[in-house]
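# Descriptive analysis of the structure
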Amino acid sequence: MKDSTFAPCANWADKLATRYQDDLSYAERIALNQHLASCPTCAAVYAAYRVIGTQISDLPVVEPLPDLPFHLIQHMERSVSYKRRFEPAILTWCKSLSTARLHGVLNRLVQTIATPFHQRVRYATTGNHSFYALQSNDGPLLWQYKKSTVFFSASSMKNGVAFLSLFDSQIFLFATIMHLRPCNNSFLWKN
Amino acid sequence: MSLSARDPTLSTLPVDPVWFVEVVRDAQAGNISAFNALFQYYNTRICTYLARMVGNDEEGRDLAQETFIKVWRALPGMHDEFHFDTWLYRIATNTAIDHLRRRKSRWPLCKDSEMDDSSENMSTGGPEEQVEQSEQIKLALVELSPQYRACLLLQYVVGFTQREIARSLNLSEKSVSIYVSRGCEQFRRAYERLAKGQDATSERRRSVV
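All values derive from a computational prediction rather than experimental measurement.

About the cut-offs
Residues numbered from 1 in each chain as written. Chains lettered and ligands numbered in written order. Predicted model: local features only at pLDDT ≥ 70, side-chain atom pairs only at ≥ 80, totals over all residues. Heavy atoms only, no water. Helix = DSSP H or I, 4+ residues; strand = E, 2+ residues; numbered from the N terminus. Buried < 20%, exposed > 50% of the residue type's maximum accessible area, 1.4 Å probe, protein only. Contact = heavy atoms within 4.5 Å. Areas by Shrake-Rupley, 256 points an atom, 1.4 Å probe, with all protein chains shown as cover. Expected span 1.5 Å × (residues − 1). Arc of directions from axis to C-beta. Salt bridge = Lys/Arg side-chain N within 4 Å of Asp/Glu carboxyl O. Polar contact = N/O pair within 3.5 Å; in protein donor to acceptor, adjacent residues only side chain to side chain. pLDDT = per-residue confidence, 0-100. Core = buried A, V, L, I, M, F, W, Y, C linked by side-chain atoms within 4.5 Å. Domains from an automatic or database assignment. Axes fitted to C-alpha atoms, helices over the stretch in contact; angles between N-to-C directions. Parallel < 35°, antiparallel > 145°, perpendicular 65-115°, else oblique. Nonpolar A, V, L, I, M, F, W, Y, C, P; charged D, E, K, R; others polar. Phe/Tyr/Trp six-rings, centres within 6.5 Å; stacked < 30°, edge-to-face > 60°.

Another point: the overall build of chain B. The helix and strand tally for chain B stands at nine helices and zero strands. Each helix and strand of chain B, ordered N terminal to C terminal, gives the series α-α-α-α-α-α-α-α-α. Out of the 209 residues in chain B, the part that is buried amounts to 57%. Sequence separation of at least 24 residues holds for 67% of the intrachain contacts in chain B that already meet a minimum separation of 6. If you sum the accessible surface of chain B, you get close to 9200 Å²; carbon and sulfur atoms cover 51% of it.

The next point concerns helix α2 (residues 40-57) of chain A. All names here are of chain A. An ideal rise of 1.5 Å per residue puts 26 Å on 18 residues; α2 measures up with 26 Å between its terminal C-alpha atoms. Considered for burial, the residues of α2 that qualify are Cys42, Val45, Ala48, Tyr49, Ile52, Gly53, Gln55 and Ile56. Along α2, the residues classed as buried sweep out an arc of 160 degrees about the axis, all on the same side.

Before going further, it helps to examine the pattern of salt bridges. All names here are of chain B. What the rule picks out here adds up to 15 salt bridges over all chains. For Asp57, the salt bridge is made with Arg52, and the minimal N-O distance between the two is 3.5 Å. Its relative accessible area of 30% is what places Asp57 among the partly exposed residues. According to the relative accessible area criterion, Arg52 is buried, its value standing at 4%.

Moving on: helix α3 (residues 57-74) of chain B. Residue and element names in this part refer to chain B. With 18 residues, α3 should cover 26 Å at 1.5 Å per step; its first-to-last C-alpha distance of 25 Å lies within 8% of that length. Burial in α3 covers these residues: Gly60, Arg61, Leu63, Ala64, Gln65, Thr67, Phe68, Val71 and Trp72. Put simply, Asn56 is the residue that caps the front of α3, since its side-chain oxygen is 2.9 Å from the backbone nitrogen of Glu58.

Residues and elements named next belong to chain A. Considering every residue of chain A, the mean pLDDT works out to 66; 38% of them sit at 70 or more. Mean pLDDT across the elements of chain A ranges from a minimum in strand β1 (residues 111-113), with 39, to a maximum in α2, with 93. For the stretch residues 81-119, pLDDT sits under 50, and the model shows 66 contacts to residues farther than four places along the chain or on other chains.

Residues and elements named next belong to chain B. Here the phi dihedral of Asn170 falls at roughly 55 degrees; this positive angle occurs in a residue that is not glycine. With respect to the helices, strands and loops of the structure, Asn170 is situated in the loop between α8 (162-169) and α9 (173-208). With relative accessibility at 60%, the residue Asn170 sits in the exposed group.

This part covers the confidence of the model for chain B. Residues and elements named next belong to chain B. Summary statistics for chain B give a mean pLDDT of 81 and a share of 77% for residues scoring 70 or more. Per-element averaging of pLDDT across chain B places helix α5 (residues 113-122) at the bottom with 42 and helix α7 (residues 146-158) at the top with 95. Predicted confidence for residues 109-125 stays below pLDDT 50, and this span has 22 contacts to residues more than four positions away or in other chains. Across the predicted assembly, pTM comes out at 0.64 and ipTM at 0.78.

If you look at the biggest cluster of nonpolar residues, it comprises 77 residues, and the most contacted ones within it are A:Ile56, B:Phe35, B:Ile46, B:Tyr49, B:Phe84 and B:Phe187. Here this core takes 14 residues from helix α2 (residues 32-54) of chain B, the largest share from any one element. For this core, the domains that each give at least three residues are domain 1 (9-105) and domain 2 (112-209) of chain B. A:Ile56 has contacts with B:Ile137, B:Leu141, B:Leu152, B:Leu153, B:Tyr156, B:Val157 and B:Phe187, leaving out every residue within four places of it along the chain.

A separate point is the packing of α2(A) against α7(B). Running from amino to carboxyl end, α2(A) crosses α7(B) at an angle of 75 degrees, the nearest separation of the two axes being 8 Å. One finds that α2(A) runs roughly perpendicular with respect to α7(B). Across the interface between the two elements, A:Tyr49, A:Gly53, A:Ile56 and A:Ser57 of α2(A) pack against B:Leu152, B:Leu153, B:Tyr156 and B:Val157 of α7(B). Partitioning the contact of α2(A) with α7(B) into residue classes produces six nonpolar, two polar and no charged.

This part covers the packing of aromatic side chains. The relation between two aromatic rings is expressed through the spacing of the ring centres and the mutual angle of the planes. Residues and elements named next belong to chain B. A full pass over the atoms with the stated rule returns 12 aromatic pairs over all chains. Aromatic pair Tyr148 and Tyr179: ring centres 5.4 Å apart, planes at 50 degrees, arrangement tilted. A residue pair is termed long-range when its members are at least 10 positions apart, and Tyr148 in helix α7 and Tyr179 in helix α9 qualify at 31 residues. Here Tyr148 falls in the buried class, since its relative accessible area comes to 14%. Take Tyr179: its relative accessible area is 21%, and that puts it in the partly exposed class.

As structure tokens, this is what we get:
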């Protein structure tokens with residue numbers, strides 16, 4: 001923190017302040033670690049930014065006001081989305097899937113699986129990142145399984161369990177079969 | 001924070017995501033108890049975030065209330081329950097930026113005056129080094145542009161990934177990555193300058209004594 005002449009390598013400057021695993025791909029993380037091992041300036045900047053992160057995250061929390069005037073809020077005018085209010089639940093799900101579709105080209109192929117398990121539950125995968133278990137119009141969405149680094153291939157159903165094969169999008173080596181099934185409005189899974 | 005960006009082993013999540021989505025939906029439908037649950041869950045976090053955004057705890061408290069009122073009114077129009085938190089922080093960030101604009105237009109020549117005052121108070125010394133350091137960190141944050149400050153706070157205080165920050169602030173991930181690193185660099189320089197200033201003041205006081 002005392003050296004004011006930090007000048008990290010231009011190619012790496014934007015990556016030195018990343019904090020979470022999701023911020024960099026696996027390949028980028030490996031490359032960054034290799035670079036830090038060989039570049040003392042970037043290593044110093046990286047260390048300084050870690051300290052800054054700790055300083056900022058360690059600031060004390062601010063005690064808030066304890067309550068909102070709920071008795072007034074209840075009568076406030078709200079923005080009403082009539083379209084949303086009256087559309088059937090299945091359309092809401094489709095909209096969620098449409099939003100998910102924007103995340104990547106592969107998401108164009110949304111696959112719906114006709115399930116023999118539960119008459120009211122439909123499963124859908126967007127191909128990469130997301131797997132949804134949906135319920136019919138009279139019930140809520142049961143659950144969503146989402147992981148940013150994996151691609152789900154087509155699923156199969158057996159005795160109420162969805163079998164998904166998946167592989168890691170970053171290293172293309174990791175592949176496994178995952179089992180998912182609804183359970184008390186939640187889900188169970190294992191590799 | 002987001003239900004989507006974290007590994008769905010869910011052990012890191014503070015609440016059951018299915019329950020959480022249900023609460024958001026109930027609040028959307030006008031259930032005041034559900035909204036109260038969301039308020040209780042986020043109140044301290046939003047208040048802390050806003051206080052750091054505007055550099056003033058009292059204003060942060062008021063802005064937190066303003067934010068939740070906006071959230072209540074806008075909830076029926078929110079279309080993605082899975083990303084409620086990024087949506088919530090977008091409203092909070094916009095509320096803070098609007099407030100900073102209003103403050104600037106009200107006192108155009110008095111930029112962050114209260115911060116300057118606290119800097120003077122801070123240099124009067126005392127044994128509480130940790131408190132002084134916290135004040136310096138807050139002052140250094142206030143010197144950043146609001147966009148950089150929001151990115152740093154969302155990353156380090158709120159715990160968003162850069163993808164979540166991008167979603168929350170309607171920016172590209174590349175821009176967020178640049179803003180965070182530039183924000184860190186600006187912060188480092190500001191903090192260094194404040195530390196030097198304080199050292200010089202302490203030195204002067206010692207020589208006077």
